[in-house]
Amino acid sequence: MSKRSRKFFAGWGGVLLAVICLAVLASDTSGAEAKPVRKVLMIGIDGCRPDAIEAAHTPHLDRLVKQGLYCENTDILASRETKGDTVSGPGWSNLLTGVWPDKHGVVDNSFKGSSYMEYPHFFARVKEARPELKTASFSSWPPIAEKILSHSDETINAKAQHAQDYLVADDELSTAAAKCIRAGKSDVVVCYFGQVDETGHGNGFHPTVKKYVESIERVDGYIGRLLAAIDERQKTSQEAWLILVCTDHGGSGTNHGGGREKPEIRHVFIIASGTEVKAGKTSEPTYQVDIVATALDYLGIVPQASWKLDGQSVLDLKRSE
Ligand SMILES: [Zn+2]
(Lines give C-alpha, C1' and ligand atoms only; values in the text may rest on other atoms or scores of the structure.)
Protein backbone atom coordinates (compact mmCIF):
# COMPACT_ATOMS: atom_id res chain seq x y z
CA MET A 1 0.00 0.00 0.00
CA SER A 2 1.44 3.39 -0.92
CA LYS A 3 1.88 6.10 1.69
CA ARG A 4 -0.85 8.11 0.03
CA SER A 5 -3.44 5.33 0.06
CA ARG A 6 -2.57 4.48 3.69
CA LYS A 7 -3.28 8.09 4.62
CA PHE A 8 -6.51 7.89 2.66
CA PHE A 9 -7.67 4.77 4.55
CA ALA A 10 -6.61 6.23 7.91
CA GLY A 11 -8.78 9.30 7.17
CA TRP A 12 -11.80 7.30 6.10
CA GLY A 13 -11.25 4.88 8.99
CA GLY A 14 -11.75 7.79 11.39
CA VAL A 15 -14.94 8.81 9.65
CA LEU A 16 -16.17 5.21 9.73
CA LEU A 17 -15.42 4.98 13.46
CA ALA A 18 -17.36 8.18 14.08
CA VAL A 19 -20.33 6.86 12.06
CA ILE A 20 -20.35 3.60 14.05
CA CYS A 21 -20.19 5.54 17.35
CA LEU A 22 -23.10 7.73 16.27
CA ALA A 23 -25.12 4.68 15.21
CA VAL A 24 -24.52 3.00 18.57
CA LEU A 25 -25.50 6.21 20.39
CA ALA A 26 -28.64 6.54 18.28
CA SER A 27 -29.70 2.94 18.88
CA ASP A 28 -29.09 3.45 22.62
CA THR A 29 -31.34 6.50 22.63
CA SER A 30 -34.13 4.75 20.74
CA GLY A 31 -33.74 1.81 23.14
CA ALA A 32 -34.27 4.10 26.12
CA GLU A 33 -37.37 5.61 24.52
CA ALA A 34 -38.87 2.37 23.19
CA LYS A 35 -42.31 2.86 21.72
CA PRO A 36 -45.05 1.93 24.17
CA VAL A 37 -47.07 -1.19 23.40
CA ARG A 38 -50.47 -0.22 22.03
CA LYS A 39 -53.54 -1.83 23.56
CA VAL A 40 -57.29 -1.29 23.21
CA LEU A 41 -60.17 -1.23 25.68
CA MET A 42 -63.66 -0.99 24.19
CA ILE A 43 -66.33 -0.08 26.72
CA GLY A 44 -69.95 -0.67 25.69
CA ILE A 45 -72.81 0.86 27.68
CA ASP A 46 -76.14 -0.56 26.51
CA GLY A 47 -78.90 1.99 25.86
CA CYS A 48 -76.98 5.07 26.99
CA ARG A 49 -78.26 8.47 25.85
CA PRO A 50 -75.53 11.11 25.51
CA ASP A 51 -77.76 13.83 27.05
CA ALA A 52 -78.18 11.63 30.13
CA ILE A 53 -74.39 11.36 30.51
CA GLU A 54 -74.35 15.16 30.53
CA ALA A 55 -76.98 15.20 33.27
CA ALA A 56 -75.12 12.60 35.35
CA HIS A 57 -72.11 13.02 37.62
CA THR A 58 -69.54 10.98 35.67
CA PRO A 59 -65.98 12.01 36.52
CA HIS A 60 -64.41 9.09 34.65
CA LEU A 61 -66.36 9.51 31.42
CA ASP A 62 -65.72 13.27 31.69
CA ARG A 63 -62.00 12.62 31.91
CA LEU A 64 -62.10 10.40 28.80
CA VAL A 65 -64.00 13.10 26.90
CA LYS A 66 -61.61 15.84 28.04
CA GLN A 67 -58.47 13.87 27.17
CA GLY A 68 -59.83 12.30 24.00
CA LEU A 69 -61.89 12.73 20.87
CA TYR A 70 -65.64 13.12 21.38
CA CYS A 71 -67.71 12.21 18.31
CA GLU A 72 -71.05 13.89 18.92
CA ASN A 73 -72.69 12.95 15.64
CA THR A 74 -72.81 9.15 15.70
CA ASP A 75 -75.57 7.25 13.92
CA ILE A 76 -76.64 3.71 14.85
CA LEU A 77 -78.01 3.13 11.34
CA ALA A 78 -76.16 2.90 8.04
CA SER A 79 -76.36 5.64 5.43
CA ARG A 80 -77.57 2.89 3.07
CA GLU A 81 -80.88 1.07 3.61
CA THR A 82 -80.57 -2.01 5.84
CA LYS A 83 -83.27 -3.86 7.78
CA GLY A 84 -81.67 -3.64 11.23
CA ASP A 85 -83.98 -2.52 14.03
CA THR A 86 -82.83 -0.05 16.71
CA VAL A 87 -82.25 -2.81 19.28
CA SER A 88 -79.30 -4.57 20.90
CA GLY A 89 -78.86 -7.56 18.53
CA PRO A 90 -78.04 -5.52 15.42
CA GLY A 91 -76.45 -2.74 17.51
CA TRP A 92 -73.81 -4.90 19.17
CA SER A 93 -73.29 -6.81 15.92
CA ASN A 94 -72.52 -3.49 14.16
CA LEU A 95 -70.21 -2.44 16.99
CA LEU A 96 -68.34 -5.73 17.27
CA THR A 97 -68.09 -6.90 13.64
CA GLY A 98 -67.58 -3.52 11.96
CA VAL A 99 -70.21 -4.19 9.28
CA TRP A 100 -73.92 -3.32 8.91
CA PRO A 101 -76.92 -5.71 9.17
CA ASP A 102 -77.06 -6.35 5.40
CA LYS A 103 -73.73 -8.15 5.90
CA HIS A 104 -73.76 -9.65 9.45
CA GLY A 105 -77.42 -10.57 8.94
CA VAL A 106 -78.74 -9.66 12.43
CA VAL A 107 -81.81 -7.42 12.22
CA ASP A 108 -83.41 -8.07 15.64
CA ASN A 109 -82.81 -9.85 18.94
CA SER A 110 -83.68 -13.30 17.52
CA PHE A 111 -80.24 -13.38 15.80
CA LYS A 112 -81.92 -15.35 13.00
CA GLY A 113 -80.00 -15.04 9.74
CA SER A 114 -76.70 -14.12 11.37
CA SER A 115 -73.58 -14.62 9.24
CA TYR A 116 -70.84 -14.37 11.83
CA MET A 117 -68.82 -16.99 9.94
CA GLU A 118 -68.31 -14.55 7.10
CA TYR A 119 -68.42 -11.39 9.26
CA PRO A 120 -67.01 -12.39 12.64
CA HIS A 121 -66.42 -10.51 15.89
CA PHE A 122 -63.37 -8.29 15.31
CA PHE A 123 -61.20 -10.42 17.62
CA ALA A 124 -61.03 -12.82 14.65
CA ARG A 125 -59.55 -10.03 12.49
CA VAL A 126 -57.08 -9.08 15.21
CA LYS A 127 -55.93 -12.72 15.48
CA GLU A 128 -55.68 -13.10 11.71
CA ALA A 129 -53.44 -10.06 11.37
CA ARG A 130 -51.50 -10.30 14.63
CA PRO A 131 -51.87 -13.81 16.11
CA GLU A 132 -49.63 -12.92 19.05
CA LEU A 133 -52.19 -10.47 20.48
CA LYS A 134 -54.39 -11.66 23.34
CA THR A 135 -58.09 -10.85 23.54
CA ALA A 136 -60.59 -10.75 26.42
CA SER A 137 -64.35 -10.17 26.64
CA PHE A 138 -66.44 -9.29 29.70
CA SER A 139 -70.20 -8.90 29.31
CA SER A 140 -73.52 -9.20 31.10
CA TRP A 141 -76.00 -9.55 28.20
CA PRO A 142 -75.67 -13.26 27.35
CA PRO A 143 -75.89 -13.01 23.49
CA ILE A 144 -72.63 -11.03 23.40
CA ALA A 145 -70.64 -14.04 24.65
CA GLU A 146 -72.96 -16.78 23.37
CA LYS A 147 -73.72 -15.57 19.85
CA ILE A 148 -71.42 -12.77 18.70
CA LEU A 149 -68.08 -13.47 20.39
CA SER A 150 -65.31 -15.61 18.92
CA HIS A 151 -61.51 -15.81 19.16
CA SER A 152 -61.47 -14.71 22.80
CA ASP A 153 -58.62 -15.86 25.03
CA GLU A 154 -60.45 -14.91 28.22
CA THR A 155 -64.24 -14.67 28.52
CA ILE A 156 -66.51 -13.69 31.37
CA ASN A 157 -70.18 -14.19 30.50
CA ALA A 158 -71.88 -12.74 33.56
CA LYS A 159 -75.25 -13.98 32.24
CA ALA A 160 -77.72 -11.51 33.67
CA GLN A 161 -81.41 -12.31 33.15
CA HIS A 162 -83.28 -9.66 35.16
CA ALA A 163 -82.70 -5.99 35.95
CA GLN A 164 -81.35 -6.73 39.42
CA ASP A 165 -78.88 -9.28 37.99
CA TYR A 166 -77.26 -6.59 35.88
CA LEU A 167 -76.26 -4.57 38.93
CA VAL A 168 -74.35 -7.55 40.34
CA ALA A 169 -73.09 -8.72 36.94
CA ASP A 170 -71.74 -5.32 35.83
CA ASP A 171 -70.02 -4.87 39.18
CA GLU A 172 -68.38 -8.30 39.00
CA LEU A 173 -67.36 -8.11 35.37
CA SER A 174 -65.71 -4.72 35.82
CA THR A 175 -63.66 -6.10 38.70
CA ALA A 176 -62.63 -9.07 36.55
CA ALA A 177 -61.79 -6.82 33.59
CA ALA A 178 -59.67 -4.51 35.78
CA LYS A 179 -57.81 -7.55 37.11
CA CYS A 180 -57.20 -8.75 33.55
CA ILE A 181 -55.81 -5.34 32.51
CA ARG A 182 -53.58 -5.21 35.60
CA ALA A 183 -52.19 -8.67 34.86
CA GLY A 184 -50.92 -7.31 31.54
CA LYS A 185 -51.85 -10.39 29.56
CA SER A 186 -54.48 -8.93 27.25
CA ASP A 187 -54.02 -6.55 24.34
CA VAL A 188 -57.62 -6.07 23.23
CA VAL A 189 -60.34 -5.98 25.88
CA VAL A 190 -64.11 -5.55 25.45
CA CYS A 191 -66.16 -4.65 28.49
CA TYR A 192 -69.96 -4.46 28.15
CA PHE A 193 -72.38 -3.06 30.79
CA GLY A 194 -76.11 -3.85 30.61
CA GLN A 195 -77.77 -2.09 33.54
CA VAL A 196 -78.35 1.33 31.93
CA ASP A 197 -80.61 -0.23 29.27
CA GLU A 198 -82.42 -2.34 31.86
CA THR A 199 -83.04 0.73 34.01
CA GLY A 200 -84.30 2.63 30.97
CA HIS A 201 -86.81 -0.12 30.16
CA GLY A 202 -88.02 -0.13 33.75
CA ASN A 203 -88.11 3.63 34.42
CA GLY A 204 -87.62 5.59 31.21
CA PHE A 205 -84.70 6.58 29.00
CA HIS A 206 -84.37 10.28 29.76
CA PRO A 207 -81.94 12.70 31.43
CA THR A 208 -84.70 13.73 33.88
CA VAL A 209 -85.27 10.12 35.08
CA LYS A 210 -83.30 9.83 38.30
CA LYS A 211 -82.86 6.05 38.27
CA TYR A 212 -81.66 6.08 34.66
CA VAL A 213 -79.10 8.79 35.43
CA GLU A 214 -77.99 6.94 38.58
CA SER A 215 -77.36 3.77 36.60
CA ILE A 216 -75.02 5.74 34.32
CA GLU A 217 -73.25 7.04 37.43
CA ARG A 218 -72.78 3.48 38.71
CA VAL A 219 -71.32 2.38 35.39
CA ASP A 220 -69.03 5.42 35.50
CA GLY A 221 -67.72 4.05 38.80
CA TYR A 222 -66.94 0.72 37.12
CA ILE A 223 -65.20 2.58 34.30
CA GLY A 224 -63.11 4.24 37.05
CA ARG A 225 -61.85 0.77 38.05
CA LEU A 226 -60.78 0.04 34.48
CA LEU A 227 -59.04 3.40 34.14
CA ALA A 228 -57.17 2.91 37.44
CA ALA A 229 -55.84 -0.39 36.10
CA ILE A 230 -54.82 1.26 32.81
CA ASP A 231 -53.16 4.18 34.61
CA GLU A 232 -51.11 1.69 36.57
CA ARG A 233 -50.02 -0.23 33.46
CA GLN A 234 -49.13 2.98 31.62
CA LYS A 235 -46.97 4.10 34.52
CA THR A 236 -45.13 0.84 35.08
CA SER A 237 -45.20 -1.12 31.83
CA GLN A 238 -44.77 1.10 28.77
CA GLU A 239 -48.30 0.54 27.50
CA ALA A 240 -50.41 3.08 25.62
CA TRP A 241 -54.13 2.29 25.70
CA LEU A 242 -56.84 3.48 23.37
CA ILE A 243 -60.14 3.61 25.25
CA LEU A 244 -63.28 3.53 23.12
CA VAL A 245 -66.71 4.14 24.65
CA CYS A 246 -69.87 3.41 22.68
CA THR A 247 -73.53 2.39 22.92
CA ASP A 248 -75.98 0.44 20.77
CA HIS A 249 -78.93 2.88 20.91
CA GLY A 250 -80.59 5.61 22.99
CA GLY A 251 -84.22 5.38 24.07
CA SER A 252 -87.60 7.10 24.19
CA GLY A 253 -90.16 6.51 26.93
CA THR A 254 -89.35 3.01 28.12
CA ASN A 255 -88.40 1.63 24.69
CA HIS A 256 -86.12 1.98 21.72
CA GLY A 257 -87.33 -0.48 19.05
CA GLY A 258 -88.58 0.94 15.74
CA GLY A 259 -86.64 4.16 16.39
CA ARG A 260 -85.48 5.04 12.88
CA GLU A 261 -87.25 8.41 12.96
CA LYS A 262 -86.37 9.25 16.58
CA PRO A 263 -83.10 11.14 17.10
CA GLU A 264 -83.13 10.35 20.86
CA ILE A 265 -82.86 6.65 19.90
CA ARG A 266 -80.76 6.87 16.76
CA HIS A 267 -78.32 9.63 17.65
CA VAL A 268 -75.51 8.45 19.96
CA PHE A 269 -71.79 9.16 20.53
CA ILE A 270 -68.31 7.66 20.39
CA ILE A 271 -65.47 8.54 22.75
CA ALA A 272 -61.92 7.69 21.61
CA SER A 273 -59.45 8.54 24.34
CA GLY A 274 -55.87 7.80 25.32
CA THR A 275 -52.38 9.20 25.68
CA GLU A 276 -51.78 8.87 21.93
CA VAL A 277 -55.09 10.40 20.82
CA LYS A 278 -55.35 14.08 19.90
CA ALA A 279 -58.08 15.63 22.05
CA GLY A 280 -61.04 17.54 20.64
CA LYS A 281 -64.60 17.27 19.51
CA THR A 282 -65.95 16.40 16.10
CA SER A 283 -69.36 16.78 14.51
CA GLU A 284 -68.32 14.86 11.39
CA PRO A 285 -70.75 11.98 10.77
CA THR A 286 -69.56 8.82 12.57
CA TYR A 287 -71.14 5.38 12.79
CA GLN A 288 -71.22 2.31 15.04
CA VAL A 289 -69.16 0.38 12.48
CA ASP A 290 -66.31 2.89 12.97
CA ILE A 291 -65.44 1.34 16.34
CA VAL A 292 -63.80 -1.76 14.79
CA ALA A 293 -62.04 0.29 12.11
CA THR A 294 -60.65 2.59 14.82
CA ALA A 295 -59.42 -0.26 17.04
CA LEU A 296 -57.67 -1.94 14.10
CA ASP A 297 -56.16 1.37 12.96
CA TYR A 298 -54.71 1.99 16.42
CA LEU A 299 -53.21 -1.51 16.49
CA GLY A 300 -51.60 -0.93 13.09
CA ILE A 301 -53.77 -3.53 11.38
CA VAL A 302 -54.70 -2.69 7.79
CA PRO A 303 -58.07 -4.33 7.04
CA GLN A 304 -58.01 -6.80 4.16
CA ALA A 305 -60.38 -6.12 1.27
CA SER A 306 -61.90 -9.58 1.81
CA TRP A 307 -63.12 -8.54 5.30
CA LYS A 308 -65.45 -6.01 3.61
CA LEU A 309 -65.50 -3.75 6.67
CA ASP A 310 -67.89 -0.80 6.54
CA GLY A 311 -66.33 1.64 9.02
CA GLN A 312 -63.62 4.31 9.01
CA SER A 313 -61.18 5.08 11.81
CA VAL A 314 -62.21 8.18 13.76
CA LEU A 315 -58.66 8.93 14.95
CA ASP A 316 -57.82 11.41 12.19
CA LEU A 317 -61.17 13.17 11.93
CA LYS A 318 -61.11 16.96 11.86
CA ARG A 319 -61.54 18.42 15.36
CA SER A 320 -63.67 21.48 15.81
CA GLU A 321 -61.84 22.67 18.95
ZN1 LIG B 1 -79.54 -2.47 23.79
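Here we summarise the structure given alongside this text.

What counts and how
- Counting restarts for each chain, with residues numbered from 1 along the sequence as it is written.
- Thresholds applied to this predicted model are a pLDDT of at least 70 for local features of residues and 80 or more for the giving and counting of side-chain atom pairs; totals over whole chains, interfaces and linings are not thresholded and use all residues.
- No hydrogens and no water enter the side-chain calculation; it runs on all heavy atoms of the structure.
- Angles run from 0 to 180 degrees between N-to-C directions of axes, and those axes are lines fitted to C-alpha atoms, restricted for helices to the stretch in contact.
- Counting from the N terminus, the helices are the DSSP runs of H or I reaching at least four residues and the strands are the DSSP runs of E reaching at least two.
- The labels follow the angle: roughly parallel below 35 degrees, roughly antiparallel above 145, roughly perpendicular from 65 to 115, and oblique for the rest.
- Contacts are assigned to residue pairs with any non-hydrogen atoms lying within 4.5 Å of each other.
- Put simply, Ala, Val, Leu, Ile, Met, Phe, Trp, Tyr, Cys and Pro go in the nonpolar bin, Asp, Glu, Lys and Arg in the charged bin, and everything else, Gly too, in the polar bin.
- A 1.4 Å probe rolled over the protein chains alone gives each residue an accessible area, and that area as a share of the maximum for its type sets the label: buried under 20%, exposed over 50%, partly exposed in between.
- We call Phe, Tyr and Trp rings a pair once their centres come within 6.5 Å, taking the six-membered ring for Trp, and we label the pair stacked below 30 degrees between planes, edge-to-face above 60, and tilted otherwise.
- For a Lys NZ or an Arg CZ to count as sitting over a ring, it must be within 6 Å of the ring centre and within 35 degrees of the ring normal.

Concerning the packing of helix H8 (residues 163-183) against helix H10 (residues 210-236)
- Running from N to C, H8 and H10 point in directions that differ by 5°, and their axes come no closer than 8 Å. Taken together, the axes of H8 and H10 are roughly parallel relative to one another. Listed contacts from H10 to Leu167, Asp170, Asp171, Ser174, Thr175, Ala177, Ala178, Ile181, Arg182 and Ala183 of H8 are Arg218, Tyr222, Arg225, Leu226, Ala228, Ala229, Ile230, Glu232 and Arg233.
- Of the residues contributing to the contact of H8 with H10, the split by class is 10 nonpolar, 2 polar and 7 charged.

Here we look at the environment of Asp165
- Mapping Asp165 onto the fold places it in helix H8.
- Taking relative accessible area as the criterion, Asp165 reaches 29% and is therefore assigned partly exposed.
- When the C-alpha atoms of Asp165 and Gln195 are compared, they prove to be 8.5 Å apart, with 30 residues separating the residues in sequence.

Remarks on helix H4 (residues 88-97)
- Most of H4 is tucked away: 10 of the 10 residues are buried.
- Within the sequence span of H4, burial applies to Ser88, Gly89, Pro90, Gly91, Trp92, Ser93, Asn94, Leu95, Leu96 and Thr97.
- At the C-terminal side of H4, Gly98 shows a positive phi close to 80°.

A look at the packing of aromatic side chains
- All told, the structure shown has 7 aromatic pairs when counted by the stated rule.
- Summarising the aromatic geometry, the rings of Tyr70 and Phe269 are spaced 6.3 Å apart at their centres and angled 15° between planes, so their arrangement reads as stacked. Residue Tyr70 is located in strand E2 (residues 68-75), and its partner Phe269 is located in strand E7 (residues 267-273); the two are separated by 199 residues in the primary sequence. Taken as a pair, Tyr70 and Phe269 share a single burial class, namely buried.
- The ring of Tyr298 has Arg38 sitting right over it, with the charged end atom 4.2 Å from the ring centre.

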